[in-house]
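Below, each chain spelled out in residue letters.
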Amino acid sequence: MSSYPIRDQQTDHLLTPKNAAVLFIDYQPIQVASINSMPRHILVANITNVAEIATNYGLPVVLSSVNVETGINKPTIPPLQNALKNINAIDRTNVNAWEDKDFNEAVKKTGRKKLVVNALWTEVCLAFPALDALNEGYEVYVITDAVGGTSYNAHKMALKRMEQAGAKLMSIAQFVCELQRDWARKETAPYMVKALTDVGAFVEF
């Protein structure tokens, strides 16, 4: 019972803590309240789970909000903000975060070409920057159980459009297992167990 040496985490074709960045866009009260593609309390729990995974595995994070400084909207929901250790959000007026200079530069500053993009709504605030990032040569990953749209159909059609453009769809369970990869990596294995438990993959019988 032996593992191969850990592959180069910067050049690995799979996601690793050294080659990916995680983006969180517009998880704010108004946006959460408008989601109809999944139960909202599950959405909040799931995106908080993703944030904890990103933090625990040390991935670079870019957080963005829309229209907070204009007074139109409220800041990032507290569960997500707390899970991200109170990282400062980049506030914008653009619907498409990729068209915001500060956000765009923050993403590029991570130096990562694999982007795990999470946003509300799937059909707008997620789809637009995802399509732009793909167009610029980034690999885009979408955690489908941590994003939502104004209807199930809007969510589904947006996922389909992004996938057709080259985005890779995945789940929370796949995300954390892909980062962990080996139970022998004992320093981070508890994080995987917690994430899988929180998403309901691990239960006691």
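See the structure above.
None of the values given here were measured: they were computed from a predicted structure.

S.K.: Describe the packing of aromatic side chains, listing the residues and the values that go with them.
M.R.: Using the criterion set out here, one finds two aromatic pairs in the structure. On the numbers, 6.0 Å between centres and 70° between planes, the contact of Tyr57 with Tyr191 is edge-to-face. In this pair, Tyr57 is assigned in the loop between helix H2 (40-56) and strand E2 (61-66) and Tyr191 in helix H8 (residues 189-198), connecting sequence segments 134 residues apart. For Tyr191, a relative accessible area of 32% puts it in the partly exposed group. Ring plane angle 80° and centroid distance 5.6 Å describe the contact between Trp98 and Tyr138, whose orientation is recorded as edge-to-face. Here Trp98, found in the loop between strand E3 (90-92) and helix H4 (101-109), pairs with Tyr138, found in the loop between helix H5 (122-135) and strand E5 (139-143); they are 40 residues apart in sequence, far enough to count as distant.

S.K.: Can you tell me about the pattern of salt bridges, naming the residues and giving the values?
M.R.: All told, the structure shown has eight salt bridges when counted by the stated rule. Across the pair Lys101 and Glu105 runs a salt bridge whose closest N-O atoms are separated by 2.9 Å. Here Lys101 pairs with Glu105, and both are found in helix H4, just four residues apart, close to one helical turn. Residue classification places Glu105 among the partly exposed residues on the basis of a relative accessible area of 42%.

S.K.: I'd like to hear about the nonpolar core, residue by residue, with values.
M.R.: Formed by 63 residues in total, the largest nonpolar core has its most connected members in Phe24, Val50, Phe103, Leu115, Met162 and Phe175. Residues contacting Phe175, with those up to four places away along its chain left out, are Leu15, Val22, Val50, Ile53, Leu59, Val116, Ile143 and Met170.

S.K.: How would you summarise the pairing of strand E4 (residues 114-119) if you had to cite specific residues and measurements?
M.R.: Most of E4 sits out of view: six of its six residues are buried. The alternating pattern of E4 places Lys114, Val116 and Asn118 and Leu115, Val117 and Ala119 on opposite faces, both of which are buried. Looking at chain direction, strand E1 (residues 20-25) and E4 are connected through six bridges and run parallel. By the bridge assignment for E4, Leu23 is matched with Val117. As paired elements, E4 and E5 share four bridges and run parallel to each other. Residue pairing for E5: Val117 is matched across the bridge by Val142. Tracing the backbone out of E4, into H5 and back to the parallel element E5 gives a crossover that is right-handed.

S.K.: Help me get a handle on the side chain of Thr122, residues and values and all.
M.R.: By the secondary structure assignment, Thr122 is in helix H5. Other than its neighbours up to four places away in sequence, Thr122 contacts Ala127, Val147, Gly148, Gly149, His155, Ala158, Leu159 and Met162.

S.K.: Help me get a handle on the sheet that holds strand E6 (residues 168-170), residues and values and all.
M.R.: The parallel open sheet is built from six strands, whose spatial order is E3-E2-E1-E4-E5-E6. With one partner strand each, in any of the chains shown, E3 and E6 form the two edges of the open sheet. Neighbour-to-neighbour, the strand axes of the sheet open up by a mean angle of 25°, direction not taken into account. Pairing of E5 with E6, which is carried by three bridges, proceeds in the parallel orientation. By the bridge assignment for E6, Ile143 is matched with Met170. Most of the contacts of helix H7 (residues 172-180) go to E6, to which it runs at about 100°, and overall it touches E1, E4, E5 and E6.

S.K.: Go over H5 with me, naming the residues and quoting the values.
M.R.: Along its length, H5 reaches its greatest deviation from straightness, about 25°, at Phe128, and the proline Pro129 lies no more than four positions downstream. Here H5 lies mainly inside the structure; 11 of its 14 residues are buried. Of the surrounding secondary structure, the elements contacted by the buried residues of H5 are E1, E4, E5 and helix H6 (152-165). One or two residues past the end of H5 sits Gly137, with phi positive at roughly 95°.

Here is what the cut-offs are and how they apply
- Residues numbered from 1 in each chain as written.
- Predicted model: local features only at pLDDT ≥ 70, side-chain atom pairs only at ≥ 80, totals over all residues.
- Heavy atoms only, no water.
- Phe/Tyr/Trp six-rings, centres within 6.5 Å; stacked < 30°, edge-to-face > 60°.
- Helix = DSSP H or I, 4+ residues; strand = E, 2+ residues; numbered from the N terminus.
- Buried < 20%, exposed > 50% of the residue type's maximum accessible area, 1.4 Å probe, protein only.
- Salt bridge = Lys/Arg side-chain N within 4 Å of Asp/Glu carboxyl O.
- Core = buried A, V, L, I, M, F, W, Y, C linked by side-chain atoms within 4.5 Å.
- Contact = heavy atoms within 4.5 Å.
- Pairing = 2+ DSSP bridges.
- Right-handed = clockwise from strand over helix to strand, strands pointing away.
- Axes fitted to C-alpha atoms, helices over the stretch in contact; angles between N-to-C directions.
- Bend = angle between axes of the 7 residues up to and from the residue.

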